[in-house]
Number of protein chains: 2
Amino acid sequence: MKRIAFFVLMLAAFSAAAQQRNNVVPSFEGAVEDFKPNITNQRGRQYPMVNSQGAVRAQLRAPQASSVQLDIGGRRYEMVKDENGVWTGTSAPQDVGFHYYQLNVDGASVPDPGTIYFYGAGRWGSGIEIPSADMDFWQVKNVPQGAVEEKYYWSKATESMRHCFVYLPAEYQKNPNKKYPVLYLQHGNAEDENGWSAQGHTGQILDNLIAAGKAVPFIVVMDYGQSQNIHLVGQYAPQQPAQPAPQPQQGRGGARATGPDAFQVVLMTDIIPMVEKEYRVIADAQHRALAGLSMGGMQTRRITVANPTTFAYVGLFSGGTVSVEDVQGAVGYKQTNKLVFMSCGSKENPRVMEAAESLKGIGVNAVGYVSEGTAHEWHTWRRSLYQFAQLLFK
Amino acid sequence: MKRIAFFVLMLAAFSAAAQQRNNVVPSFEGAVEDFKPNITNQRGRQYPMVNSQGAVRAQLRAPQASSVQLDIGGRRYEMVKDENGVWTGTSAPQDVGFHYYQLNVDGASVPDPGTIYFYGAGRWGSGIEIPSADMDFWQVKNVPQGAVEEKYYWSKATESMRHCFVYLPAEYQKNPNKKYPVLYLQHGNAEDENGWSAQGHTGQILDNLIAAGKAVPFIVVMDYGQSQNIHLVGQYAPQQPAQPAPQPQQGRGGARATGPDAFQVVLMTDIIPMVEKEYRVIADAQHRALAGLSMGGMQTRRITVANPTTFAYVGLFSGGTVSVEDVQGAVGYKQTNKLVFMSCGSKENPRVMEAAESLKGIGVNAVGYVSEGTAHEWHTWRRSLYQFAQLLFK
């Protein structure tokens, strides 16, 4: 029931956001004039800018336009044209961290030509970074560098070539006979396999932690998990096309949602076997972790309950909680598990601490983490990865 | 003189393209109605589309706009609005291959929200693929897959972290004691280190060639070479800021251009030493190649003349030619060299065949290649890599 309530809450939040899209408001007037170029701008571009309050200022040349708006955080801010046909507009302060946004030119929603582009909100589009005081941990530093590989592989379950990103720690190429643990790390709804590397800075977080001796070297696999876009075929196809794929542990709220099923099938059928064949991996549960953000966290909960002896480390970042009933209902879960990590931003509903206490009560090594001052966005998840990574495979 | 003539020709071409930007023409009326979604569209997007003639049809919802244009191939095609506020427009047939383009909404130049984005023409923006009959060679196939790594490294010459992509052949991870030859492969003007992988499909071309036994396995390094954006510091900085960096082989046309100098310094100071430290590489001239497209080809010519015993294999794709004087003026060039490969599209000025004949006359293993029916764009360069790769390290 708690899972259903959580899901309804998420749907309500999305619906509210959709309504606010039509909220057109004037450009924010109270901005402190200390704007600096956004750090995800294209090379040499001054705009968009961000100030010390987290307000965003965008600019676009559109001499013949009658209306240009900055569409961010569920509101559209009216931009104002100068004598050269250049429109400028400023948003109210945004939460620290990373935000998808767009511009609207006479009714056309388009990416801001000032930024580089990210996949999120179901599209490739603009992203902006509101700096946080602690952003140092995900910056590129002069420490031993791992690499993020783009890797294609054949999927039996979909009879197609699939695509993922694989982080290999700096020492991987230097120790040709050493095998490594693996974290499978999933994105959120309407994002894709690019997210954890591009928005999440997984490579930098891990390189920095490993260089500081705070994390052991491990591999991270980031794949595409939007189940409604994963078309299973042959023996892997759902028995009735309109129904979810068979679930070993059906019966709890999350397991009834149709979303994650196809991803679960490709993870178990294709992704894990590919990784254990192509890379030097310690192929047992004690060296295998599954984590995800938002939808990816909900998938993590369901997949680990359905496969209770496959993953010893479990992470849910802004993705609900693992319950006492989950653990007690899944044979071998508690014996296999070394860690259940649950996190969220303090601006979300932080029942992760309470859920961790409940799990500790039955002897599970559960850790709750609340990211101070952050919301349902990437800075919460970068911080979550930073905390989670330090607890893995030790 | 020939080099100068070539350079003037290139400048003239760019200038003509700039003038044509203001060429606003009606939507193309003669299109065959067999349009299909462009293969570089975002997941699930129908538009832009391409027909069998190579005409491009774009669509954008912009209910309040008074003018929307499709800006491709140096022309702006007027799009037409329907009763739902959706604008549609069609270009004249384009050359086969890959083209950067944009939309213009009431004077604002913006990416088309229908496509994924590529770095070229000095910006991240839309790209479209006009299918060619021979495009099979760069498709993702179910063959042993290498991987393209994103790699950061410390640069002494710029005192900053730089960024490149490294293709590792499929067998690299399986043969932990084997060392490999390396091709350093450079992009063109106003492109960056993403180009050869994203637009060029280097990984697929190499995986397919190696799987077919047509190329030996080798590593490919793709770095950023736009010299005016590379800021050398300390002992590596130019003596007089306004002048090019010192050139060992100054005096010939191309060597006087100021562009490539900073890239040459980082290549020799940082990139090659990093690759030979971080990867299992056969670190001698006989197992080292340098190639590039357009500006990258001109850089290749100059760098190999300035460092005549460093690279045994040389490739210029739509990037001018190596002359008899180049080879004769550079001590050790001829003794070191195993191949000079020069290519271009048949719609460019194909003097590569004549240049190859001249080089053969002095005993250089020169190969000219003309890509039939293609222009100064990526399909010419994919085909060039496909040909060049089969001749390397054998």
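Note that the coordinates shown come from a computational prediction; the quantities given were computed from them, not determined experimentally. (Residues numbered from 1 in each chain as written. Chains lettered and ligands numbered in written order. Predicted model: local features only at pLDDT ≥ 70, side-chain atom pairs only at ≥ 80, totals over all residues. Heavy atoms only, no water.)

K.L.:
Just to check I follow, could you spell out the domain arrangement of chain A for this structure?
P.N.:
Often, the extent of an interface is quoted as the loss of accessible area on bringing the components together. Residues and elements named next belong to chain A. Considered domain by domain, chain A is made up of domain 1 (23–130) and domain 2 (136–389). Here the C-alpha centre of domain 2 lies 32 Å away from the C-alpha centre of domain 1. For the pair domain 1 and domain 2, the two sides together bury roughly 1100 Å², of which 54% comes from carbon and sulfur. Looking at the side of domain 1 facing domain 2, the largest losses of area belong to Asp 95, Phe 98 and Tyr 119, adding up to 41% of the total buried there. One salt bridge in this structure joins Lys 347 and Asp 95, with 2.5 Å as the shortest N-O distance. The interface formed by domain 1 and domain 2 includes 9 residue pairs in polar contact (both at pLDDT 80 or more). Residue assignment for the side of domain 1 that touches domain 2 shows that the elements contributing at least two residues are β9 (97–105), β11 (117–120) and β12 (123–130). Take the side of domain 1 that touches domain 2: its biggest share by element is 4 residues, from β9. (Domains from an automatic or database assignment. Buried area = accessible area lost by both parts, 1.4 Å probe. Salt bridge = Lys/Arg side-chain N within 4 Å of Asp/Glu carboxyl O. Polar contact = N/O pair within 3.5 Å; in protein donor to acceptor, adjacent residues only side chain to side chain. Helix = DSSP H or I, 4+ residues; strand = E, 2+ residues; numbered from the N terminus.)

K.L.:
What is the right way to read the relation of the copies chain A and chain B from this model?
P.N.:
Copies of the same chain, two in number, are related to each other by a rotation about an axis and a translation along it. Screw-axis analysis of chain A against chain B gives a translation of 0.0 Å along the axis, an RMSD of 0.0 Å, and a rotation angle of 180°. On this basis, the relationship between the two copies can be described by a two-fold rotation axis. Within chain A, the C-alpha atom positioned nearest to the axis of rotation is that of Glu 149 of chain A, 2.0 Å from it. The share of interface residues of chain A whose copies in chain B are also at the interface is 100%, consistent with both copies meeting through the same surface. (Least-squares fit on C-alpha atoms with pLDDT ≥ 70 in both. Contact = heavy atoms within 4.5 Å.)

K.L.:
Sorry, what's going on with unusual backbone geometry here?
P.N.:
Leave glycine aside and you will find that most residues have negative phi; peptide bonds, for their part, are mostly trans. A cis amide bond links Tyr 47 of chain A with the next residue in sequence, Pro 48 of chain A, at an omega value of 0°. For His 201 of chain A, which is not glycine, the phi torsion reads 60° and is therefore positive. Looking at the element boundaries, His 201 of chain A is found in the loop between α2 (195–198) and α3 (202–211). Judged by its relative accessible area of 18%, His 201 of chain A is buried. Of note in this structure, Glu 159 of chain B is not a glycine but carries a positive phi near 50°. With respect to the element layout, Glu 159 of chain B can be found in the loop between β13 (147–155) and β14 (160–168). (Buried < 20%, exposed > 50% of the residue type's maximum accessible area, 1.4 Å probe, protein only.)

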